[in-house]
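# A closer look at the structure
Now for the letters of each chain:
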Amino acid sequence: MRVALVHYWLSVMGGGEKVLEALCRLYPQADIYTHVLRRDNLLPELRRHAIRTTFINALPGSARHYQKYLPLMPLALEQLDLTGYDLVISSESGPAKGVITRPDALHICYCHSPMRYLWDNWPVYQENAGRFTRLCSRVLLPRLRQWDVLSAMRVDRIVANSRHVARRIRKYWRREAQVVHPPVDTQAYAPRERAGGEHYLCFGRLTHYKRVDLAIEACNRLGRTLLIIGDGEERQRLEALAGPNVRFLGRLEDDAVRELLRRSRALLFPGEEDFGIIPVEAMSAGVPVIAYGRGGARETVQDGITGLLFDEQSPECLQAAILRFEEQEAAFSPAVLHAHAENFSEDRFAQAFTAEVEQGFAALDR
C-alpha cells in the first residue's frame, strides 16, 4: 500500500508535527507532502521520509512568512499529483486536506483544528495584522471559507483530535468526525516520587491565544517563581510584563525540558487549546496541571485529581486557582497522574487510528 502524508507546513516543530511523526512510525513507507519545509528544524523521524513541497516553498520569504501565502495554498494543494497513492492522510490545521485523490483511494483527514484564522479566531488575527493584511483578508476570507467547506466534502473520513474539535468540525464543515486523541510519548517520562516542586512552569509557543500573560500577571501578584520555556512573536511583549520572579528560558532540548518539568510544582496552562499535548506530558511526569477549563483541557485534566480547572481567563481567576492548588498540593499523587496520562499513549493512538483506516477502506468497498 502506497501512503502519502499531507501536512500543512514543516517550519516549527510543535504538537501537530509530533502527530505526523507518530504517523510516520505507523506508516514507514509513507511520502510526505507539505507547503513549506525547513529541514534544519525537522524531527528525527521525519528526516527518514521523502518530503515533497508545493510551489509555495519556492516563493520569496515563504520559510518564515508562509501564512501570508494562504490564498495561494488551495491552488498549490490541488496541483499535487497523488494518483499513485492508495491511502492519503491529511494533517489539517492549516490548509492540507484540499488535495485531489483517486476515486478508489482512501483519504482520511486527521484534524487538529479547522483553520482558526478562517473561523472562530479571525477577529484576533485581524486585530494583530497590519492594515494591508486586514484589507486583503476581509476580501479573501469569504472565498477561503467556501473552499474550506467544499474541500472538507472531498474527504472520505474525518478524525478529530478531541471532542472539542469534533464540535467545531460539525459547526463549520457540517461533517461528523470520530475522535482519536493525539499520541503522547508517555515512555519519555518517569513519574517523580513525591508531590511538590520549586517553581511553576509555562511551556509552548509564545503566541497570543496561549495567554501566557495571565500566568505572568498571576505569579507577579503572588510573588511565585515562574519559568517560561519556548519562543514566539509574543516574547518581547511578555518580557515587558514580567517581574523579577519570571524567567524566560527560550527553546530547550528535550532532556532539559523534562528535568524542569519534573521539578515543577505545577504546569500553568491558561490558553484554550484544541487538545493540548503539553498538559498530558506534565501529568505523565507526575506534575499537576492548572488549566483554563475550556477546550481540550476538559478532556485531559481531571479536576481535583490530576490538576485544577479555572473558569475565566483572567489573572484573578488563575491567581485564585494557584492558591487553591497550594492548599491541596500534597494530595496530588504522581503515580495517579502518570497512570491517567497512559490513556493518551502512542500505542493507544496507533490502535485507534489503524481502526479508523480499516473502517474507511471497508466503507469504500461497499
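The structure under discussion appears in the preceding block.
In this report, the structure presented in the accompanying data block is examined.

Tallying secondary structure elements over the chain gives 15 helices and 13 strands in all. For the chain, the C-alpha radius of gyration of 21 Å lies close to 21 Å, the compact-globule estimate for 366 residues. Considered along the principal axes of its C-alpha atoms, the chain spans approximately 60 × 45 × 35 Å. For the chain, the proportion of its 366 residues judged to be buried stands at 55%. Expressed as a percentage of contacts within the chain between residues at least 6 apart in sequence, the contacts between residues at least 24 apart total 63%. Summing over all exposed atoms, the chain offers an accessible surface of approximately 16400 Å²; the carbon and sulfur share of this is 49%. Taking the average place of the 47 positive charges on the side chains of the chain and the average place of its 46 negative ones, the gap between the two points comes to 4 Å.

Another aspect to go through is the pairing of strand E2 (residues 31-34). Of the two faces of E2, both are covered, the one formed by Asp31 and Tyr33 as well as the one formed by Ile32 and Thr34. Where strand E1 (residues 3-7) meets E2, four bridges bridge the pair, whose relative direction is parallel. Bridge pairing links His7 to Thr34 in E2. Read from E1 through helix H1 (residues 15-26) to E2, the crossover connection turns out right-handed. Where E2 lies against strand E3 (residues 51-53), three bridges are found, and the strand directions are parallel. Residue pairing across strands places Tyr33 opposite Arg52, the latter belonging to E3.

Let's shift gears to the pattern of salt bridges. Counted according to the given criterion, the structure contains 30 salt bridges. Close ionic contact of Asp274 with Arg116 constitutes a salt bridge, the shortest N to O distance being 3.2 Å. Of this pair, Asp274 sits in the loop between strand E11 (264-269) and helix H11 (277-284) while Arg116 sits in the loop between strand E5 (106-111) and helix H5 (122-127), and the two are 158 residues apart along the sequence. The exposure classification of Asp274 matches that of Arg116, with both residues buried. For Asp213, the salt bridge is made with Arg211, and the minimal N-O distance between the two is 3.0 Å. By relative accessible area, Asp213 is classed as buried at 15%. Residues joined in a network through salt bridges with shared partners are Arg116, Asp120, Arg168 and Asp274.

Let us now look at the packing of helix H8 (residues 212-222) against helix H13 (residues 315-327). The N-to-C vectors of H8 and H13 enclose an angle of 60 degrees; their axes lie 8 Å apart at closest approach. Looking at the two axes, H8 sits oblique to H13. At the point where H8 passes H13, the crossing takes the right-handed sense. Judged by residue contacts, Leu214, Ala215, Glu217, Ala218, Cys219, Arg221 and Leu222 of H8 engage Pro315, Glu316, Leu318, Gln319, Ile322 and Leu323 from H13. Each residue belonging to the contact of H8 with H13 can be placed in one class, and the counts come to nine nonpolar, one polar and three charged.

The next thing to look at is the sheet that holds strand E13 (residues 307-310). Backbone-to-backbone hydrogen bonds pair the strands of a sheet. The strands run either parallel or antiparallel. The strand order across the open sheet formed by six strands is E10-E9-E8-E11-E12-E13, and the pairing between neighbours is parallel. Pairing within the sheet leaves two strands with one partner each, and these edge strands are strand E10 (246-250) and E13. Averaged over all pairs of adjacent strands, the angle between strand axes in this sheet comes to 20 degrees, irrespective of strand direction. Strand direction decides the pairing type here: strand E8 (residues 199-203) and E11, joined by three bridges, are parallel. In the strand pairing of E11, His199 is matched with Ser264. Running at roughly 160 degrees to strand E9 (residues 226-229), H8 makes contact with E8, E9, E10 and E11 of the sheet. Of the strands in this sheet, E8, E11, strand E12 (289-292) and E13 are in contact with H13, which crosses E13 at around 155 degrees.

Now for the sheet that holds E2. The seven strands are arranged E3-E2-E1-E4-E5-E6-E7 in an open sheet whose pairing can be described as parallel. Among the strands making up the open sheet, the edge pair consists of E3 and strand E7 (178-179). Relative to E7, strand E6 (residues 157-160) runs parallel, the two being bridged by two bridges. Residue Ala160 lies in a different strand from E7, and its bridge partner there is Val179. Those strands touched by helix H7 (residues 163-172) are E5, E6 and E7, and its axis lies near 140 degrees from that of E6. Helix H15 (residues 346-364) rests against strand E4 (87-92), E5, E6 and E7 of the sheet, and its axis sits at about 145 degrees to E5.

Those residues of helix H14 (residues 334-341) not exposed but buried are Pro334, Leu337, His338, His340 and Ala341. End-on view of H14: buried residues confined to an arc of 160 degrees, all on one side of the axis. Those residues of H14 that are buried lie in contact with H11 and helix H12 (297-300).

With respect to the helices, strands and loops of the structure, Glu281 is situated in helix H11. Excluding anything up to four places from it in sequence, Glu281 contacts Lys18, Val184, Tyr189, Phe203 and Leu261.

Thresholds, definitions, all that
- Residues numbered from 1 in each chain as written.
- Predicted model: local features only at pLDDT ≥ 70, side-chain atom pairs only at ≥ 80, totals over all residues.
- Heavy atoms only, no water.
- Helix = DSSP H or I, 4+ residues; strand = E, 2+ residues; numbered from the N terminus.
- Rg over C-alpha atoms; globule rule 2.2 N^0.38 Å.
- Buried < 20%, exposed > 50% of the residue type's maximum accessible area, 1.4 Å probe, protein only.
- Contact = heavy atoms within 4.5 Å.
- Areas by Shrake-Rupley, 256 points an atom, 1.4 Å probe, with all protein chains shown as cover.
- Lys, Arg positive; Asp, Glu negative; His and termini not counted.
- Charge placed at Lys NZ, Arg CZ, Asp CG, Glu CD.
- Pairing = 2+ DSSP bridges.
- Right-handed = clockwise from strand over helix to strand, strands pointing away.
- Salt bridge = Lys/Arg side-chain N within 4 Å of Asp/Glu carboxyl O.
- Axes fitted to C-alpha atoms, helices over the stretch in contact; angles between N-to-C directions.
- Parallel < 35°, antiparallel > 145°, perpendicular 65-115°, else oblique.
- Left-handed = near helix turned anticlockwise from the far one by under 90°.
- Nonpolar A, V, L, I, M, F, W, Y, C, P; charged D, E, K, R; others polar.
- Arc of directions from axis to C-beta.

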